[in-house]
Amino acid sequence: MYWEKELEILERKNLQKLQVERLMKTMRQAANAPYYGRVPEIRAFLDSGMTSIEQIRELPFTSKEDLRQDFPWGFLSTDKRDVVRLHSSSGTTGNPTVVYHNRHDLDSWANLMARSLFAAGVRDTDVFQNICGYGLFTGGLGFQYGVEKLGCLSIPAGAGNSPRQIKLMRDFGTTVAHAIPSYLGRLLDVFREEGFDPRRDTKLHTLVIGAEPHTEEHRRRIEEMFGVKAYNSFGLSEMNGPGVAFECTEQNGLHVWEDAYVVEIIDPQTLQPVADGEIGELVMTTLDRQAMPVIRYRTRDLTRFLPGECRCGRTHRRLDRISGRSDDMFIVKGCNVFPMQIEGVLMKLPEVGDDYRILLDTIDDQDEMIVEVEVKKEWFRGDLAFLDRLQRHITRLIRDEVLVRPLIKLVEPGSIPKAEGKAVRVIDQRKN
Ligand code: COA
Ligand code: AMP
Ligand code: ZN
């Protein structure tokens, strides 16, 4: 029933006591990092101690900007020799964000992943196919080590090549797969093109879906299309990656592992805690990380705590599915994109005019990012070969920046409708 019973059903009072102990330890470790070493509130707690986990509110927030500014070593809390892996966000224009792990951190992360998968009913008898980007994406190696810890037969399939995904599923009898929800429509199309029906022609019983926002209706549709149970998985690189919060077999919200994280929900404007059960921005603190603890990280994800206890018996609170962001980041094909990254690429090009617009759409069941780019009058002449070269050049530059290939539409100056006031840069017409 449980992977780590003592921790998963710990009485809340004891869970909070454990959090205080672990937070003190985390602050001691964090104080070794150049950035946190400069934070007086951490010093003060290390001198005076902490009696209640609510006191965490006296510590300052950490933002993505802070992580970027102190790039690359400002948050490292241990000797470099101790570090065995890093994960990093995309982007070539500014500093990416980077997260370091030592052996302890990787083991703790794998354990949280195994615990999460176990809660969703995955067992060592399962064959697990991870249809997710490896490399610097945390969904690849993050799931991989958790699945191995759990003892499943793992298939590190990676993203892309849908016919091969289907062949792997059929050859090795995949029973559980992890993929982002928006890709599964495309995968189903390929199943049909090849004359297969996943309900009839595979052994799939579970899909783990996450890494991007989706609705309850979308989940139900996926369950129906594939004949499986689908479980929501939430995480972010700054907090390891997947394995932060996960649905149990009750499918009623995501248990967030409170022995490993302190979770707060704040009003993004006032920065004060919202009333229990109200939607706000998720703020998280690591409790079991050594190489790079992160304290009060503003995730920018909007969600709320769900009320009541879960029938599974786990005492760790449940988060509602993510309902939006308090910044302008969007996710396409599992890749995070900030409009400023696109703007940064475009505005460096002398041929590009003042305006651009990002349209997100679903074409043939696959999400696409279309970027309309105004070209200056002097360049927008009848020279089709030149425009073709420019289009390919912009495609490659944006692809290198955000890791997704955009569809570039070059347009005449003045043809992008001007919005009143602040320019509307992103129009999301995706089906889900
Ligand atoms: N997961 C798995 N496969 C995906 C995918 C996704 N999120 N998005 C697209 N694909 C597939 C496409 O279906 C296509 O394969 P097919 O033609 O055999 O069906 C192939 O990848 C390339 O698709 P394309 O649209 O040309 O992609 P792109 O060049 O714009 O983007 C990807 C390249 C897909 C490799 C990149 O978007 C990626 O790595 N996405 C996965 C990110 C991820 O795993 N995120 C989770 C992090 S925890
Ligand atoms: P990354 O740091 O690249 O791992 O991306 C993390 C971000 O992906 C989160 O901050 C969320 O915005 C988004 N995300 C991850 N999992 C989910 C999920 N299950 N539902 C909605 N959004 C998610
Ligand atoms: Zn539960």
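Note that this is a predicted model, so its numbers are computed, not measured.

Q: Mind showing me how you'd approach the site of ligand 2 here?
A: Inspection of the region around ligand 2 gives 18 residues, with Asn232, Ser233, Ser237, Asp301 and Asn336 positioned closest. Between Asn232 and ligand 2, the recorded distance is 2.8 Å, taken from a side-chain N or O atom to a nitrogen atom. In isolation ligand 2 offers 500 Å² of accessible surface; the protein chains occlude 88% of this area. Of the residues forming the shell around ligand 2, the biggest block, 5 residues, is contributed by strand E7 (residues 229-236). By residue class, the composition of the shell around ligand 2 is 7 nonpolar, 7 polar and 4 charged.

Q: What am I meant to see in the domain arrangement of the protein here?
A: When its domains are assigned, the protein resolves into domain 1 (1-326) and domain 2 (330-428). Using C-alpha coordinates to define each centre, domain 1 is positioned 32 Å away from domain 2. Between domain 1 and domain 2, the contact holds 15 residues from the first and 16 residues from the second. Across the interface of domain 1 and domain 2, roughly 1200 Å² is buried in total on both sides, 52% from carbon and sulfur atoms. Considering only the side of domain 1, the residues that lose the most area to domain 2 are Ser90, Thr93 and Phe137, jointly responsible for 35% of the buried surface there. Linking domain 1 with domain 2 are 0 salt bridges. Summed over the shared surface of domain 1 and domain 2, the number is 0 residue pairs in polar contact (both at pLDDT 80 or more). The greatest single-element share of the side of domain 1 that touches domain 2, amounting to 4 residues, is contributed by helix H9 (residues 181-193).

Q: How should I be thinking about the packing of H9 against helix H11 (residues 216-226) in this particular structure?
A: Pairs of packed helices are described in terms of their axes, by the angle between the two and the distance that separates them. Close contact between H9 and H11 brings their axes to 11 Å; oriented N to C, the two are set at 25°. As far as their axial angle goes, H11 and H9 are roughly parallel. Crossing angle aside, the handedness with which H9 passes H11 is left-handed. Contact with H9, carried on its side by Pro181, Ser182, Leu184, Leu187, Leu188 and Phe191, involves His218, Ile222, Met225 and Phe226 of H11 and no other residues of that element. Classifying every residue of the contact of H9 with H11 gives 8 nonpolar, 2 polar and no charged.

Q: For this particular structure, what's the right way to read the coordination of the zinc ion (ligand 3)?
A: The textbook angles at a metal center are 109.5 degrees for a tetrahedron of four donors and 90 or 180 degrees for an octahedron of six. Within the protein, the zinc ion (ligand 3) binds to Cys248 (SG), His255 (NE2), Cys310 (SG) and Cys312 (SG); these donor distances fall in the range 2.1 to 2.3 Å. Between the 4 donor atoms coordinating the zinc ion (ligand 3), the angles at the centre fall across 103 to 117°, so the site counts as tetrahedral.

Q: Looking at this structure, I do not really get the sheet that holds strand E14 (residues 324-325). What am I missing?
A: Sheets are built from strands that pair by backbone hydrogen bonding, the pairs being arranged parallel or antiparallel. Sheet architecture is open: 4 strands sit in the order E10-E11-E12-E14, paired in antiparallel fashion. Every other strand in the sheet has two partners, leaving strand E10 (261-266) and E14 as the edge strands with one partner each. Sheet topology note: the E10/strand E11 (residues 280-286) ladder contains 6 bridges and is antiparallel. Across the sheet, Val263 pairs through a bridge with Met284, a residue of E11.

Q: I keep staring at the site of ligand 1 and nothing clicks. Help me out?
A: Taken together, the neighbourhood of ligand 1 is formed by 20 residues, with Gly133, Ser162, Arg186, Lys333 and Gln366 sitting nearest. For ligand 1, an oxygen atom lies 2.6 Å from a polar atom in the side chain of Arg186. Between an oxygen atom of ligand 1 and a side-chain N or O atom of Lys333, the distance comes to 2.6 Å. Here ligand 1 has 870 Å² of accessible area as a free molecule, and 81% of this is covered by the chains. Residue assignment for the shell around ligand 1 shows that the elements contributing at least two residues are helix H8 (162-172) and H9.

Q: Please explain the sheet that holds strand E5 (residues 176-179) as it appears in this structure.
A: Strand order in this open sheet of 8 strands is E4-E3-E5-E6-E7-E8-E9-E13, and the pairing throughout is mixed. Each having just a single partner strand, strand E4 (153-155) and strand E13 (318-319) make up the two edges of the open sheet. As judged from the 3 bridges shared by strand E8 (residues 241-247) and strand E9 (residues 254-256), these two strands associate in the antiparallel manner. Paired with Phe246 across the two strands is His255, which belongs to E9.

Q: Would you mind going over helix H6 (residues 103-119) with me for this structure?
A: Residue pairs three or four apart in sequence face the same way in an α-helix, which turns once every 3.6 residues. Across its 17 residues, H6 extends 24 Å between first and last C-alpha, which sits within 8% of the 24 Å expected from 1.5 Å per residue. Most of H6 sits inside the fold, with 14 of its 17 residues counted as buried. Near the N-terminus of H6, the side chain that reaches the backbone nitrogen of His104, with its oxygen 3.1 Å away, is that of Asn102. Among the residues trailing H6, Gly121 stands out with phi positive, at a value near 90°.

Q: Would you take a moment to explain unusual backbone geometry for this structure?
A: Excluding glycine, residues mostly have negative phi values, and the peptide bonds linking residues are mostly trans. The omega torsion of the bond from Phe71 to Pro72 falls at -5°, within 30 degrees of zero and hence cis. One can find Pro72 in the loop between helix H5 (64-69) and strand E1 (83-88). One non-glycine residue, Asn240, lies in positive phi territory at about 105°. Within the secondary structure layout, Asn240 lies in the loop between E7 and E8.

The rules behind the values
- Residues numbered from 1 in each chain as written.
- Chains lettered and ligands numbered in written order.
- Predicted model: local features only at pLDDT ≥ 70, side-chain atom pairs only at ≥ 80, totals over all residues.
- Heavy atoms only, no water.
- Near = heavy atom within 4 Å.
- Polar contact = N/O pair within 3.5 Å; in protein donor to acceptor, adjacent residues only side chain to side chain.
- Areas by Shrake-Rupley, 256 points an atom, 1.4 Å probe, with all protein chains shown as cover.
- Helix = DSSP H or I, 4+ residues; strand = E, 2+ residues; numbered from the N terminus.
- Nonpolar A, V, L, I, M, F, W, Y, C, P; charged D, E, K, R; others polar.
- Domains from an automatic or database assignment.
- Contact = heavy atoms within 4.5 Å.
- Buried area = accessible area lost by both parts, 1.4 Å probe.
- Salt bridge = Lys/Arg side-chain N within 4 Å of Asp/Glu carboxyl O.
- Axes fitted to C-alpha atoms, helices over the stretch in contact; angles between N-to-C directions.
- Parallel < 35°, antiparallel > 145°, perpendicular 65-115°, else oblique.
- Left-handed = near helix turned anticlockwise from the far one by under 90°.
- Donors = N, O, S within 2.8 Å, 3.2 Å for Na, K, Ca; no water.
- Tetrahedral: all angles 85-135°; square planar, octahedral: opposite > 155°, others 65-115°.
- Pairing = 2+ DSSP bridges.
- Expected span 1.5 Å × (residues − 1).
- Buried < 20%, exposed > 50% of the residue type's maximum accessible area, 1.4 Å probe, protein only.

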